[in-house]
Amino acid sequence: MVYTSSQPNEQLAQWLYRLVDILRSQGGSTWRRLVQTVSGKTAVIELDGTQLRLWAQENEQLQVHIESLAEPQPVHFCSDAETLRDIITGSVTLDAAVISGKIYVRGDLPDLLGINQVVMGILADSAINLQLQRLWNEFDHVWFRLPSPPPCRSLDQQKPSRGYLINQIPADVLNIEVD
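Read on for a plain summary of the structure. (Residues numbered from 1 in each chain as written. Predicted model: local features only at pLDDT ≥ 70, side-chain atom pairs only at ≥ 80, totals over all residues. Heavy atoms only, no water.)

1. Brief notes about helix 3 (residues 81–89)
The complete set of buried residues in helix 3 reads Ala81, Thr83, Arg85 and Ile87. The N-cap of helix 3, judged by a side-chain oxygen 3.2 Å from the amide nitrogen of glutamate 82 a few residues on, is aspartate 80. Positive phi appears at glycine 90, one or two residues downstream of helix 3, with a value of about 85°. (Buried < 20%, exposed > 50% of the residue type's maximum accessible area, 1.4 Å probe, protein only. Helix = DSSP H or I, 4+ residues; strand = E, 2+ residues; numbered from the N terminus. Polar contact = N/O pair within 3.5 Å; in protein donor to acceptor, adjacent residues only side chain to side chain.)

2. Details of the sheet that holds strand 5 (residues 104–105)
An order of 3-2-1-4-5 is seen for the five strands of this open sheet, with the pairing classed as mixed. The open sheet has two edge strands, strand 3 (63–68) and strand 5, and neither has a second partner. Judged from the six bridges that link them, strand 2 (residues 50–57) and strand 3 form a sheet pairing that is antiparallel. Looking at the pairing, glutamine 57 lines up with glutamine 63 of strand 3. (Pairing = 2+ DSSP bridges.)

3. Comments concerning the pattern of salt bridges
According to the stated counting rule, one finds six salt bridges in the structure shown. Note that aspartate 111 is salt-bridged to lysine 41, the shortest N-O span being 3.0 Å. In this pair, aspartate 111 sits in helix 5 (residues 109–126) while lysine 41 sits in the loop between helix 2 (28–38) and strand 1 (42–47), placing the two residues 70 residues apart along the sequence. Note on lysine 41: relative accessible area 34%, which makes it partly exposed. Its salt-bridge partner being arginine 85, residue glutamate 82 comes within 2.7 Å of it at the nearest N-O pair. Here arginine 85 and glutamate 82 lie together in helix 3, a separation of three residues that amounts to about one turn. (Salt bridge = Lys/Arg side-chain N within 4 Å of Asp/Glu carboxyl O.)

Note that all results are geometric; they support no functional claim without further evidence.
Following this line, the structure appears as structure tokens:
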């Protein structure tokens, strides 16, 4: 399924609902940590400029609600799809993405630690959970990608146009012939 520019918030919300449902049906420590961390809380997330407000009602079933925002709001989590793809494929760690500024998170320390544990649990569960793997694959194929960078140039084409020491020598000195 490919969405138009007016639908990324609906698609992202659908994936988040599916993620919660997968974690609920799986149960286990990741689900318990999610319930413990998000119950009774609200957060605004942003992915590639698409903002959603999430809030979780505090009850046994953990009811998560997601709504689109008409006006931009201060965010608690912000990233781009390429960073998430890099984390999911293991080419960058969650901590490295946060430290480098590719992921912005805001919250108090217990909430941030809880979310970190939830995300690490989801990543670990993804190795063996086919539903999570299907969800990631769908995200990877459906969510828009930035245009890919051009292929690497050959080494000859990568020489800098300036900076070689010989370029600093005046031409009249280079033209001197020594017998």
